[in-house]
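Secondary and tertiary structure notes
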Amino acid sequence: MRGRGSARSSRALAVSWRPATWHPRLDMGRLRRPRSSTSHRSLPHLCLFFLFVGPFNCLASYSRATELLYSLNEGLPAGVLIGSLAEDLRLVPRAAGRQDQLPQLPERTEAERNPPLSFSLASRGLSGQYVTLDNRSGELHTSAQEIDREALCLEGGGGAAWGGSISISSSPSSDSCLLLLDVLVLPQEYFRFVKVKIAIRDINDNAPQFPVSQISVWVPENAPINTRLAIEHPAMDPDIGTNGVQTYRLLDYHRMFTLDVEENENGERTPYLIVMGLLDRETQDQYVSIIIAEDGGSPPLLGSATLTIGITDINDNCPLFTDSQINVTVFGNATVGTPVAAVQAVDRDLGTNAQITYSYSQKVPQASKDLFHLDETTGVIKLFNKIGGSVLQTHKLTILANGPGCIPAMTTALVTIIKVIFRPPEIVPRYIANEVDGIIYLKELEPVNTPIAFFTIRDPEGKYKVNCYLDGDGPFRLSPYKPYSNEYLLETTKPMDYELQQFYEIAVVAWNSEGFHVKKIIKVQLLDDNDNAPVFLQPLLELTIEENNAPNAFLTKLYATDADSGERGQVSYFLGPDAPSYFSLDSVTGILTVSTQLDREEKEKYRYTVRAVDSGKPPRESVATVALTVLDKNDNSPRFINKDFSFFVPENFPGYGEIGVISVTDADTGRNGWVALSVVNQSDIFVIDTGKGMLRAKVSLDREQQSSYTLWVEAVDGGEPALSSTAKITILLLDINDNPPLVLFPQSNMSYLLVLPSTLPGSPVTEVYAVDKDTGMNAVIAYSIIGRRGPRPESFRIDPKTGNITLEEALLQTDYGLHRLLVKVSDHGYPEPLHSTVMVNLFVNDTVSNESYIESLLRKEPEINIEEKEPQISIEPTHRKVESVSCVPTLVALSVISLGSITLVTGMGIYICLRRGKKHHREDENLEVQIPLKGKIDLHMRERKPVAISNI
């Protein structure tokens, strides 16, 4: 099928050659599309044209960006042709799918000048979901995924985007829905970047639909004609344009309503209900119809919902009586509260509009109002007072019915009183149960429906009907005894309990149709049975006694009650089978004792049962539990877990730090078992927590001052009198690395040493000597040079184990001057080694001619780069092979002679300089020299005063 239409070609950048615009027509119903015979005849000419302009065209093809626009209907099946990119871009001769329609060219010419084109999407994205692209022919077809315009536009949201293979564009201001596609045309020399827009046209594939199936509209019954009411739930149609909702209609207008449709500025259509007739809620309060929404498609689609039009009430009716007068009669012996008559008025309105109240007219005499009461809500007239002999025989009661905003309606009740004289009815009892002197005796365990007595009810005159009923509370029932009309049976209705109630008094009441009553009093006395077991006042008796008690000590007195009477209520007491043998219980008095001495440390709690048994037949019993707790006495002294405690504590342990727990127990409980710990000796150094037993040192402990402590700890309980015990505590201090190495030589960072230029390589120049107060690995010292400053400071090295500084290379003329070595002295402590630093100053020169100049150099802050290389020193003694040099003895001898001479001269020079600079030395006696280091290492400076050191 051919489904493309209105293809349009445009250029993003202007070029010299522009193809003619082609507008093929969209045909949705055919598989063919029309072709022009002229295009076939012009194909050879086009081929010749491209042979000449092709090379020039290739240069400009890199800037070609073409845009094509197609349109098709939504809902098309798979395989519908959308358009041919090759034909619409005037690339038909190069399309691989059309080679059979072109004149046959030589193979070499075709391969050289017309390489096959390929079409591909710039990115895959959603392209495979909606369209497919033939890579060789450039034809676009619909895919198996059916295109739904409403779903696409809903998903697309805002404007079009060209970043992906397909995008959706739904502009709020138009009805356009676009699929955007980026296509690349290759090979490289004919490269084109094509933007394809596919406009999805809407079809009428959605029917209007109301958001709710039931729509309700309320109209007041006094609404005038042409009243307009908006229907708040209009129908929705996803389609657009004429395919959307166009009109509304009702299936049945009931000759009262019509519909109108209004369209707002946004194009939304709202149906309005228009009243066309006079409404009366009392005639019809509701109209039901079907509202139909119709779109503009061909054929049109419909949607419907049920429209219920409710008519609201207004107060347009007043109360009315059904009868203008009623006649009633009342007997003179009628009881107070007897209903006499009832009047009723009707108001056709609803709710508060239909509320009616009744009242007497002012014409009714006050005597009639006092005799007959009118309920203002229900309209019921009742006898309010007893009818006397002097009361009028006829009473005319005028009654008004009042409604809101209405004139009262009126009716009349004519009441006639009939006087009567008669004899009361009679009650004749015949007893079935045991009756003595008018009292009936029943056992409390009698079953339900036990008969008690028959009663015969009769009228002495024999002309009135007599009824009877039972008056009073109790488990009894009086019912007619069929087939006799005036016989009644009195019987029980549920089991009776003597312990709950022993006596009942009821009455049989008879009354005839004339209102006379007569009573017969019945008294019932219950007899007791052994139906109750003894009950302990406390089912659980919690007792206490101090340990080490005296024999036969009193524990408690048991007490149980029995609700039964006589012998059935007498109770005896016994121990349960789980009670130990040394407990005794008096069966009559219920006194519980213990015959032996109890030890709380042996057993603290006892739990056993006791029984209470009555004297009934058969006897009944109940069980209680005795829980005895033995209270503690201070009969046990505190006991340490060990007699000797040893603790290993690292030195410099912080003050009040936890050294260890002194565990102590006391078999007693409570205050008797509360143990207070205290240090007997060394209390000025150590303290112990009473609650936790934690031993602490008040001050920090230094192993270098004292390596161990021995102290005694006393434990005292809280009993009366208190008991105590002691234990020995040994505290051994473990060394930690808390002392950095102490540099003894050189004594100051301001001291310096004269090094003669003739010093031989390998000769010792000076040494760094340090000590460490710690022990073990914490006292193993290593030396290293971490900073150098001078003409050639690398000429000197330091032995990591001994601290000896030696000359590595022969000194040159350029090496004259001050050499400054920053030496780090570090121990091997754990967890972190400590270190000190010292500045070794070596002045390379023949003599010390200007001592003040050297001192000025020493006062300057040296800029020394810190070398973080740690000294590699083995803890175990190592042996290093030294290669023998044949010239070493000779060099050593010459060095000794030279050094001796130089030493003498240097000493004299130093003495003279010291004498001259004595005054300056006194001024600078307290001068501090700080050397800034990048590694922020604190220099170990014990003395700031410069000291002159001669050669060794």
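Everything here concerns the structure above.
Small disclaimer: the values here were computed from a predicted structure and weren't measured.

1. Details of the side chain of Ser71
The residue Ser71 is located in strand S2 (residues 65-73) in this model. A polar contact is formed between the side chain of Ser71 and the side chain of Arg201, at a distance of 2.7 Å.

2. Notes on the packing of aromatic side chains
Applying the stated criterion to the full structure yields 12 aromatic pairs. Considering the side-chain rings of Phe257 and Tyr287, the 5.4 Å spacing of their centres and the 75° angle between planes classify their relative orientation as edge-to-face. In this pair, Phe257 sits in strand S13 (residues 257-263) while Tyr287 sits in strand S15 (residues 286-295), placing the two residues 30 residues apart along the sequence. Looking at Phe257, the relative accessible area reads 4%, which means it is buried. Between Tyr582 and Phe583 the ring centres are 5.3 Å apart and the planes differ by 40°, which places this aromatic pair in the tilted class. Overall, Tyr582 belongs to the partly exposed group, its relative accessible area being 26%.

3. A look at helix H8 (residues 851-859)
Each full turn of the α-helix corresponds to 3.6 residues, which orients residues three or four apart in the same direction. Within H8 the residues assigned to the buried category are Glu851, Ile854, Glu855, Leu857 and Leu858. When H8 is viewed along its axis, its buried side chains cluster within an angular range of 155° and face the same direction.

4. Regarding the state of the cysteines
Tallying each qualifying case throughout the model produces one disulfide. Each sulfur of the disulfide joining Cys318 and Cys406 lies 2.2 Å from the other. Across the S-S bond linking Cys318 and Cys406, the dihedral sits near -85°, which makes this disulfide left-handed. A residue pair is termed long-range when its members are at least 10 positions apart, and Cys318 in the loop between strand S16 (302-312) and strand S17 (320-321) and Cys406 in the loop between strand S24 (394-402) and strand S25 (409-418) qualify at 88 residues.

5. Focus: the nonpolar core
Soluble globular proteins tend to bury their nonpolar side chains together. Counting residues in hydrophobic clusters, the biggest one holds 30 residues, and the most contacted among them are Leu85, Phe119, Val183, Val196 and Ile198. Secondary structure elements with two or more residues in this core: S2, helix H3 (85-88), strand S4 (118-121), strand S5 (131-133), helix H6 (149-156), strand S8 (177-186) and strand S9 (192-201). In terms of residues, this core owes the most to one element, S8, which gives five residues. Ignoring sequence-local partners within four residues, the contact set of Val183 consists of Leu85, Phe119, Ser120, Leu121, Leu133, Arg192, Phe193, Val194 and Val196.

6. Some points on the pattern of salt bridges
According to the stated counting rule, one finds 25 salt bridges in the structure shown. Across the pair Arg281 and Glu282 runs a salt bridge, and its minimum N-O distance is 3.1 Å. Accessibility expressed as a relative area gives 15% for Glu282, which makes it buried. In this structure, Arg458 engages Glu426 in a salt bridge whose closest nitrogen and oxygen atoms are separated by 3.1 Å. Taken together, the positions of Arg458 in strand S29 (residues 451-458) and Glu426 in strand S26 (residues 426-431) put the pair 32 residues apart, joining distant regions of the chain. Overall, Arg458 belongs to the partly exposed group, its relative accessible area being 44%.

7. Digging into the sheet that holds strand S14 (residues 269-275)
Taken in spatial order, the three strands of this open sheet run S11-S14-S13, and their pairing is antiparallel. Edge strands, defined here as strands with exactly one partner in the open sheet, are strand S11 (228-230) and S13. The average undirected angle you get between the axes of adjacent strands in this sheet is 35°.

8. Quick word on the pairing of S29
Judged from the six bridges that link them, S26 and S29 form a sheet pairing that is antiparallel. Across the sheet, residue Val428 finds its bridge partner in S29, namely Thr456.

9. Some details on unusual backbone geometry
Omega for the bond connecting Ser298 with Pro299 falls within 30 degrees of zero, at 0°, which places this linkage in the cis form. Relative to the helices and strands, Pro299 resides in the loop between S15 and S16. Each neighbour pair has its own omega, and for Lys617 with Pro618 the value is -5°, a cis peptide bond. With respect to the secondary-structure elements, Pro618 resides in the loop between strand S42 (605-614) and strand S43 (621-631). Backbone geometry at Tyr656 places phi at a positive 65°, although glycine is not the residue there. You can see Tyr656 is positioned in the loop between strand S45 (644-650) and strand S46 (658-661). The exposure class assigned to Tyr656 is partly exposed, which follows from its relative accessible area of 49%. Of note, Gln682 is a non-glycine position whose phi angle comes to about 60°, a positive value. Topologically, Gln682 is positioned in the loop between strand S48 (675-679) and strand S49 (686-688). Overall, Gln682 belongs to the partly exposed group, its relative accessible area being 27%.

10. Points about a nonpolar patch on the surface
Among the surface-exposed residues, Phe648, Leu732 and Leu734 lie close enough to one another that they form a single nonpolar patch of about 270 Å² accessible area. Here Phe648 is to be found in strand S45.

11. A look at the side chain of Asp815
By the element assignment, Asp815 lies in the loop between strand S59 (804-807) and strand S60 (817-827). In this structure, Asp815 is in contact with Pro791, Arg792, Ala810 and Val844, ignoring residues within four places of it in sequence.

12. Focus: the environment of Asp205
Mapped onto the secondary structure, Asp205 falls in the loop between S9 and strand S10 (214-220). The class of Asp205 is partly exposed, set by a relative accessible area of 36%. Separated by 33 residues in the primary sequence, Asp205 and Pro238 place their C-alpha atoms 9.0 Å from one another. With near-sequence residues (within four places) excluded, Asp205 lies in contact with Glu74, Asp148, Glu150, Asp239 and Leu301. Here the side chain of Asp205 touches Asn206 through a polar contact of 2.8 Å, side chain to side chain.

Rules used in this analysis
- Residues numbered from 1 in each chain as written.
- Predicted model: local features only at pLDDT ≥ 70, side-chain atom pairs only at ≥ 80, totals over all residues.
- Heavy atoms only, no water.
- Helix = DSSP H or I, 4+ residues; strand = E, 2+ residues; numbered from the N terminus.
- Polar contact = N/O pair within 3.5 Å; in protein donor to acceptor, adjacent residues only side chain to side chain.
- Phe/Tyr/Trp six-rings, centres within 6.5 Å; stacked < 30°, edge-to-face > 60°.
- Buried < 20%, exposed > 50% of the residue type's maximum accessible area, 1.4 Å probe, protein only.
- Arc of directions from axis to C-beta.
- Disulfide = S-S within 2.5 Å.
- Core = buried A, V, L, I, M, F, W, Y, C linked by side-chain atoms within 4.5 Å.
- Contact = heavy atoms within 4.5 Å.
- Salt bridge = Lys/Arg side-chain N within 4 Å of Asp/Glu carboxyl O.
- Pairing = 2+ DSSP bridges.
- Axes fitted to C-alpha atoms, helices over the stretch in contact; angles between N-to-C directions.
- Patch = residues over 30% accessible without salt bridge, like charges linked within 9 Å, V, L, I, M, F, W, Y side chains within 5 Å.
- Areas by Shrake-Rupley, 256 points an atom, 1.4 Å probe, with all protein chains shown as cover.

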